[in-house]
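Listed here are the chains, written in short residue letters.
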2 protein chains.
Amino acid sequence: MAHPLPAAALDQLFCSARTPNDWTDEPVGEDTLRALYDLFKWGPTSANASPARFVWVRSEEGKTRLSALAMDANRPKILAAPVTVIIGHDLDFPDTMPKLFPARGEMMQQYFKQPGVAEATAMRNGTLQGAYLIVAARALGLDCGPMSGFDNAAVDKEFFPGTRIQSNFICCLGHGKPESVWPRNPRLTFEEAGRFA
Amino acid sequence: MAHPLPAAALDQLFCSARTPNDWTDEPVGEDTLRALYDLFKWGPTSANASPARFVWVRSEEGKTRLSALAMDANRPKILAAPVTVIIGHDLDFPDTMPKLFPARGEMMQQYFKQPGVAEATAMRNGTLQGAYLIVAARALGLDCGPMSGFDNAAVDKEFFPGTRIQSNFICCLGHGKPESVWPRNPRLTFEEAGRFA
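Here the structure is a predicted model, which means the values were calculated and not measured.

Looking at the overall build of chain A
Okay, so step 1: Secondary structure assignment for chain A yields 9 helices and 5 strands.
Okay, so step 2: Across chain A, helices and strands are ordered from the amino to the carboxyl terminus as α-α-β-α-α-β-α-α-α-β-α-β-α-β.
Okay, so step 3: In summary, chain A has a C-alpha radius of gyration of 18 Å against a globular reference of 16 Å for 197 residues, a match within 12%.
Okay, so step 4: If you line up chain A on its principal axes, its C-alpha atoms span 50 × 45 × 35 Å.
Okay, so step 5: With 197 residues in all, chain A has 57% of them scored as buried.
Okay, so step 6: In chain A, the proportion of contacts linking residues at least 24 apart, taken out of those at least 6 apart, comes to 80%.
Okay, so step 7: If you sum the accessible surface of chain A, you get close to 7900 Å²; carbon and sulfur atoms cover 56% of it.
Okay, so step 8: One finds the centroid of the 20 positive side-chain charges in chain A at a distance of 4 Å from the centroid of its 22 negative side-chain charges.

The structure is reproduced here in structure tokens:
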């Protein structure tokens, strides 16, 4: 049976982790991004559908293209961060089910192709994968700056042309400047957010 | 600067963690569920909107009501697990913005109340919080069994009556029977799931 991780690990993942608004020059290497993928890819999704798709924007040209499609407040963050990953989800993910669920791939493929099912499944599970990415990046010692403030349709056209991949959110990755973190906002109490039944 | 967590911690969170299909009798105490909430509540959401809402189903009566609304294959899991949490999101979450983002609460409240914005924001960020819950539970040594196979509309009526909270997914929490884990399915490669730009 597993035991709770040490307090320092819980702090790094959740309690002390913060969203920076500016980034140091320290680079994030390709090896780190591949290690990150190889970590969060194991997170659970419905029938292992794994619908999320990623564009790891790290070139100056890529940052310029992405930042031009973001809200004003988010542009300098994208330009400053060593990497900003676009998290999308592929509405054609049912095509991958024979690979991802060999024992029942054909059946799952048919199930997910029902009207409306692919869309809801892609959004729900692609978002779960985006959250796994955030927590896994923190587990590897990176800071994360997730953002929704950008033109989704324009990003889809620019970064996912000729596909049925839809952008969901974007996330800066790197090492944040501590002084760029805002004061922490409160959270709902256990009782405000839920109840026992 | 943070360093990568030890390999054993990464294993517990992602690489070795698996979804059990049956559960031991070992209980999960209220203190553990409160510690779990106090951990994952810190995960980032858009403007700290924190739209997820939770029903922690642990009574025999609650399990019976929930299992009756689940797919056949999921009923015995809900009845066997010590806790199954219903993760929903509140379309009225903008009302909480003055508490959750004191510096700009009124402004964010108006922003999120625009048509379509509350729905997309609640689904995206409520799902992120559901994933934080999963990874945080593993960090505390619990196993997770997330499931989408249930009647969402019926669960909303049964567990969230008189609210605008919509169920998203449910997740068994406890200690899984190791022999109930299925063989691990493959994942997409880095290149199949994304690219650099």
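Focus on the nonpolar core
Okay, so step 1: By size, the foremost hydrophobic cluster in this structure holds 73 residues, and its most contacted members are Phe54(A), Trp56(A), Leu173(A), Phe54(B), Trp56(B) and Leu173(B).
Okay, so step 2: Among residues more than four places away in sequence, those in contact with Phe54(A) are Tyr37(A), Phe40(A), Val85(A), Ile86(A), Ile87(A), Leu133(A), Ala193(B), Gly194(B) and Arg195(B).

What to know about the confidence of the model for chain A
Okay, so step 1: Scored by pLDDT, chain A comes out at a mean of 97, with 100% of its residues at no less than 70.
Okay, so step 2: For this predicted complex, the interface confidence score (ipTM) comes to 0.98, while the overall pTM stands at 0.99.

Remarks on the interface of chain A and chain B
Okay, so step 1: On the side of chain B, 77 residues touch chain A, which itself brings 77 residues to the contact.
Okay, so step 2: Here Arg34(B) makes a salt bridge to Glu191(A), at a shortest N to O gap of 2.6 Å.
Okay, so step 3: Counting across the chain A and chain B interface gives 38 residue pairs in polar contact (both at pLDDT 80 or more).
Okay, so step 4: Top element by residues in the side of chain A that touches chain B is helix H7 (residues 117-139) of chain A. It accounts for 12 residues.
Okay, so step 5: Of the residues contributing to the side of chain A that touches chain B, the split by class is 42 nonpolar, 20 polar and 15 charged.
Okay, so step 6: As paired elements, strand S1 (residues 52-57) of chain A and strand S5 (residues 194-196) of chain B share 3 bridges and run parallel to each other. From the neighbouring strand, Val55(A) faces S5(B), where its bridge partner is Arg195(B).

Calculation notes
- Residues numbered from 1 in each chain as written.
- Chains lettered and ligands numbered in written order.
- Predicted model: local features only at pLDDT ≥ 70, side-chain atom pairs only at ≥ 80, totals over all residues.
- Heavy atoms only, no water.
- Helix = DSSP H or I, 4+ residues; strand = E, 2+ residues; numbered from the N terminus.
- Rg over C-alpha atoms; globule rule 2.2 N^0.38 Å.
- Buried < 20%, exposed > 50% of the residue type's maximum accessible area, 1.4 Å probe, protein only.
- Contact = heavy atoms within 4.5 Å.
- Areas by Shrake-Rupley, 256 points an atom, 1.4 Å probe, with all protein chains shown as cover.
- Lys, Arg positive; Asp, Glu negative; His and termini not counted.
- Charge placed at Lys NZ, Arg CZ, Asp CG, Glu CD.
- Core = buried A, V, L, I, M, F, W, Y, C linked by side-chain atoms within 4.5 Å.
- pLDDT = per-residue confidence, 0-100.
- Salt bridge = Lys/Arg side-chain N within 4 Å of Asp/Glu carboxyl O.
- Polar contact = N/O pair within 3.5 Å; in protein donor to acceptor, adjacent residues only side chain to side chain.
- Nonpolar A, V, L, I, M, F, W, Y, C, P; charged D, E, K, R; others polar.
- Pairing = 2+ DSSP bridges.

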